[in-house]
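# Per-entry structural report
Spelled out, the chains give:
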Amino acid sequence: MQASTFGSIREKLVFGVKVQQQRRVLGFGDFRRTSLCMTDKATVLTSAMGAKLARPGIGFDGISMNSLKPRSLRAQASAADGDMENLVPPTPQVKSSGTVLPYVGVACLGAILFGYHLGVVNGALEYLSKDLGIAENVGLKGMSDISVWWVVSTLLAGATVGSFTGGTLADKFGRARTFQLDAIPLTIGVFLCATAQSVEQMIIGRLLAGIGIGISSAIVPLYISEISPTEIRGALGSVNQLFICLGILGALVAGLPLSANPLWWRTMFGIAIVPSVLLALGMAVSPESPRWLLQQGKTSQAEKVIKTLYGKERVTEVMHDLTSASHGSTEPEAGWFDLFSSRYWKVVSVGAAIFLFQQLAGINAVVYYSTSVFRSAGITSDVAASALVGAANVFGTAVASSLMDRQGRKNLLLISFGGMAASMLLLALSFTWSVLAPYSGTLAVAGTVLYVLSFSLGAGPVPALLLPEIFASRIRAKAVSLSLGMHWISNFVIGLYFLRFVTKFGISSVYLGFSAVCLLAVLYIAGNVVETKGRSLEDIERALSVPT
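Only a predicted model underlies this, so the values are computations on that prediction, with no experimental measurement involved. (Residues numbered from 1 in each chain as written. Predicted model: local features only at pLDDT ≥ 70, side-chain atom pairs only at ≥ 80, totals over all residues. Heavy atoms only, no water.)

### With respect to the pattern of salt bridges
Basically, it comes down to this: Salt bridge, as used here: a side-chain nitrogen of Lys or Arg that lies within 4 Å of a carboxyl oxygen of Asp or Glu. Strands here are runs of E lasting at least two residues and helices are runs of H or I lasting at least four, both read from the DSSP assignment and numbered beginning at the N terminus.
Under the counting rule described, the total for this entry stands at ten salt bridges. Ionic pairing is found between Asp 131 and Arg 266, a salt bridge with its closest N-O pair at 3.2 Å. Residue Asp 131 is located in helix 1 (residues 101–131), and its partner Arg 266 is located in helix 6 (residues 264–270); the two are separated by 135 residues in the primary sequence. Across the pair Arg 175 and Glu 226 runs a salt bridge whose closest N-O atoms are separated by 3.0 Å. A residue pair is termed long-range when its members are at least 10 positions apart, and Arg 175 in helix 3 (residues 175–194) and Glu 226 in helix 4 (residues 199–227) qualify at 51 residues. Among the ionic contacts, a cluster of salt bridges with common partners joins Asp 171, Arg 175, Glu 226, Arg 476 and Lys 478.

Here it is, written out as structure tokens:
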């Protein structure tokens, strides 16, 4: 609930911004907040339902997190006068006649391919291994075969390269053109996998497909965040994760005919050509980010795109906000080394840390062991077990999408990691406590489903949505790429060492370790993550910027 009362109001200037300090009563206690009020009309919200935003203009000094305090990332006024803990949403604007959903849908083809390529090898591995002569029997023993390991792992290695490449391409060629370029490795990689006659060809195909999904993982959330209306940016941003889940489920469904037709694995890989081609064609008619266009000095094109996305009645308002944001800046695009400067490092480290916590929280371990857990409860069908886990993931993500713009990103992250910690503890206890032995199977299944639901409520969809919001326009594309690179690197390392840790310490101890990581994530998020719901990207950047 968000019932609130207001007491005395004071004003002072913070970073050249007039701050209105208010005392609010939220729920069970009193918290000190501030609300940003710009003295210029540039504070008007730049988004409305069905409209698309664009890339922010140059001109801000970036996001400074030097004033980090417990419970949030804050813009500091002074110790005596209080501080800003959250960015309080301004009053929403009237809806416009523009449209954004079709273009978000086109971008999400990249998310579908992301999920599909992650999931397709699980069902096809045994059959392609036999067909290509890699292993006679793939299982835990077969997985030790180096060729099989390369087939599985090169996708992650390629994705790491692609995630770092995506930011540079997006800054140089624009978001829409980068999507089209991304379709090249996606299409060629799929073709090589589907027609592979040797393990070397399969590995090259997986590497190219990995580069493609790595680029997609960076630019899909970036593009969506820059074109979505402020009041539904959270819902549309979380659609990215929803389509990733649907892609994984699609790979599961695509593998159903395998038992009757062992050569079906080639068709499973070949199917992915369709969304790859549709992505390239769809982006040919999709608008470029107005923010990127304005940053390149293409003002007339930016106005035309804004008219398409927001409607003609919003062109003046949106252009005013974007040009006010970029007014007076002569700074070039940030280089990679700028991300590690004192000016940006703290906010960049937050982005990298969130993705690191996401992977170290154990999602891949839970999915990996889900079939064994379900068998212990009497569910012998691997397909049924995978379908149940996938359905829980899709359901939770759909719920998160509906709550994102009401509950906020930070709250969902805290709830998510808290639920994951409790679920991991339940899983660990179900394997170790003898008193729970008669119910261990049921408890393990409950813990698995609860964990996946908790993950999909926040830890899954929020990071890719939140980071483009908190990164300054000058570093946004590269900072998102760097954070996604952390995602892929940690994913790769965990996959490499997970079974070794299980063998040495036991699955219960590993689960307890994951639970501890989730609790650390709760503490870190509570102290370092800012709430961004209801604010335009320009408002967020203004609030978190300080002069240099």
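Still more to cover.
### Observations concerning the packing of helix 2 (residues 146–173) against helix 4
For any two helices packed against each other, one specifies the inter-axial angle together with the distance between the axes. Note the following rule: Here an axis means a line fitted to C-alpha atoms, over the contact stretch when the element is a helix, while the angle between two N-to-C directions is reported on a 0 to 180 degree scale. Each crossing gets its hand from how the near helix is turned against the far one by less than a right angle, where anticlockwise is left-handed and clockwise is right-handed. Amino acid classes used here: Ala, Val, Leu, Ile, Met, Phe, Trp, Tyr, Cys and Pro are nonpolar; Asp, Glu, Lys and Arg are charged; the rest, including Gly, are polar.
Following both chains from N to C, one finds helix 2 and helix 4 inclined at 35°, their axes separated by 6 Å at the closest point. You can see that helix 2 and helix 4 cross each other, and the crossing is right-handed. Split by residue class, the contact of helix 2 with helix 4 holds 18 nonpolar, nine polar and one charged.

### Some thoughts on the packing of aromatic side chains
The cut-off we apply is this: For this analysis, a ring pair means two rings from Phe, Tyr or Trp (six-membered ring only for Trp) whose centres lie within 6.5 Å, classed as stacked if their planes differ by under 30 degrees, edge-to-face if by over 60, and tilted for the remaining angles. When accessible area is computed with a 1.4 Å probe and restricted to protein chains, residues below 20% of their type maximum are described as buried, those above 50% as exposed, and intermediate ones as partly exposed.
Within the structure shown, the criterion is met by seven aromatic pairs. With a centroid separation of 5.1 Å and an interplanar angle of 35°, the aromatic rings of Phe 114 and Trp 488 are classed as tilted. Taken together, the residues span a long stretch of sequence, with Phe 114 in helix 1 and Trp 488 in helix 17 (residues 476–505) at a distance of 374 residues. A single burial state applies to Phe 114 and to Trp 488, both of which are buried. Between Phe 501 and Phe 505 the ring centres are 5.8 Å apart and the planes differ by 25°, which places this aromatic pair in the stacked class. With Phe 501 and Phe 505 both in helix 17 and four residues apart, the pair spans about one turn of that helix.

### What about a nonpolar patch on the surface?
Note the following rule: Candidate patch residues must exceed 30% relative accessible area and have no salt bridge, after which like charges are joined if within 9 Å and Val, Leu, Ile, Met, Phe, Trp or Tyr side chains if within 5 Å. Here, Shrake-Rupley sampling with a 1.4 Å probe gives the accessible areas, and only protein chains in the shown set may cover a residue.
Taken together, Ile 489, Val 493, Tyr 497, Phe 501 and Phe 505 make up a surface patch of nonpolar side chains, about 450 Å² in accessible area. Within the element layout of this structure, Ile 489 appears in helix 17. Assessed through its relative accessible area of 36%, Ile 489 is described here as partly exposed.

### Thoughts on helix 15 (residues 440–459)
We count it as follows: Helix span, expected: 1.5 Å multiplied by one less than the number of residues in the helix.
The terminal C-alpha atoms of helix 15, which comprises 20 residues, lie 26 Å apart, in line with the 28 Å expected from a rise of 1.5 Å per residue. Taken together, the buried positions of helix 15 are occupied by Gly 441, Ala 444, Val 445, Gly 447, Thr 448, Tyr 451, Val 452, Ser 454, Phe 455, Ser 456, Gly 458 and Ala 459.

### Concerning the environment of Gly 485
Using the following cut-off: Only heavy atoms enter the contact rule, under which two residues are in contact if any of them lie within 4.5 Å.
With respect to the helices and strands, Gly 485 occurs in helix 17. By relative accessible area, Gly 485 is classed as buried at 0%. The spacing of Gly 485 and Ala 218 is 267 residues in sequence and 8.7 Å in space, taken between C-alpha atoms. Filtering out sequence-adjacent residues up to four positions away, Gly 485 remains in contact with Thr 160, Ser 163 and Phe 164.

### Overview of the packing of helix 14 (residues 409–432) against helix 18 (residues 507–528)
Our working definition: Should an angle lie under 35 degrees it is considered roughly parallel, over 145 roughly antiparallel, and from 65 to 115 roughly perpendicular; all remaining angles are considered oblique.
Relative to each other, helix 14 and helix 18 sit at 160°, their axes nearing to 8 Å. Judged on the interaxial angle alone, helix 18 and helix 14 are roughly antiparallel. Viewed along their axes, helix 14 and helix 18 form a crossing whose handedness is left-handed. For the contact of helix 14 with helix 18, the per-class residue count stands at 20 nonpolar, four polar and one charged.

### A few points about the nonpolar core
Looking at soluble globular proteins, one finds that nonpolar side chains tend to be buried together. Note the threshold: Here, nonpolar core means buried Ala, Val, Leu, Ile, Met, Phe, Trp, Tyr and Cys residues that are tied together by side-chain atoms lying within 4.5 Å of each other.
The biggest cluster of nonpolar side chains holds 132 residues, and the ones touching the most others in it are Leu 128, Phe 417, Ile 475 and Phe 498. Per-element tally for this core: the top contributor is helix 1, with 15 residues. Non-local contacts of Phe 417, meaning those with residues more than four positions away in its chain, are made with Phe 357, Gln 358, Ala 361, Ala 459, Cys 518, Ala 521, Val 522 and Ile 525.

### Re helix 17
The following threshold applies: To get the bend at any residue, fit one axis to the seven residues that end at it and another to the seven that begin at it, then take the angle between the two axes.
For helix 17, spanning 30 residues, the distance from its first C-alpha to its last is 40 Å, which sits close to the expected 44 Å at 1.5 Å a residue. Largest kink in helix 17: about 40°, centred on Tyr 497. Phi for Gly 506, located one or two positions after helix 17, is positive at around 95°.

### Structural notes on the side chain of Arg 291
Just so we agree on the cut-off: The definition of a polar contact used here is a pair of N or O atoms within 3.5 Å, where within protein one atom must be able to donate a hydrogen and the other to accept one, and adjacent residues in sequence count solely through side-chain atom pairs.
Along the chain, Arg 291 falls in helix 8 (residues 290–295). A polar contact of 2.7 Å, which involves the side chain of Arg 291, links it to the backbone oxygen of Glu 226.

### Focus: the confidence of the model for the protein
How we decide: By definition, pLDDT measures how confident the predictor is in each residue, and it falls between 0 and 100.
Overall, the predicted model of the protein reaches an average pLDDT of 77, with 76% of residues at or above 70. Overall, residues 1–92 carries pLDDT values under 50, and its contacts beyond four positions in sequence, including any with other chains, amount to 301 contacts. The low-confidence segment residues 136–144 (pLDDT under 50) makes twelve contacts with residues lying over four places distant or belonging to another chain.

### Structural notes on the side chain of Gln 358
Assignment of secondary structure puts Gln 358 in helix 11 (residues 345–360). Gln 358 gets classed as buried once you look at its relative accessible area, which sits at 3%. A polar atom in the side chain of Gln 358 sits 2.8 Å from the backbone oxygen of Ala 459. In this structure, Gln 358 is in contact with Ile 363, Phe 417, Phe 455, Ala 459, Gly 460, Pro 463 and His 487, ignoring residues within four places of it in sequence.

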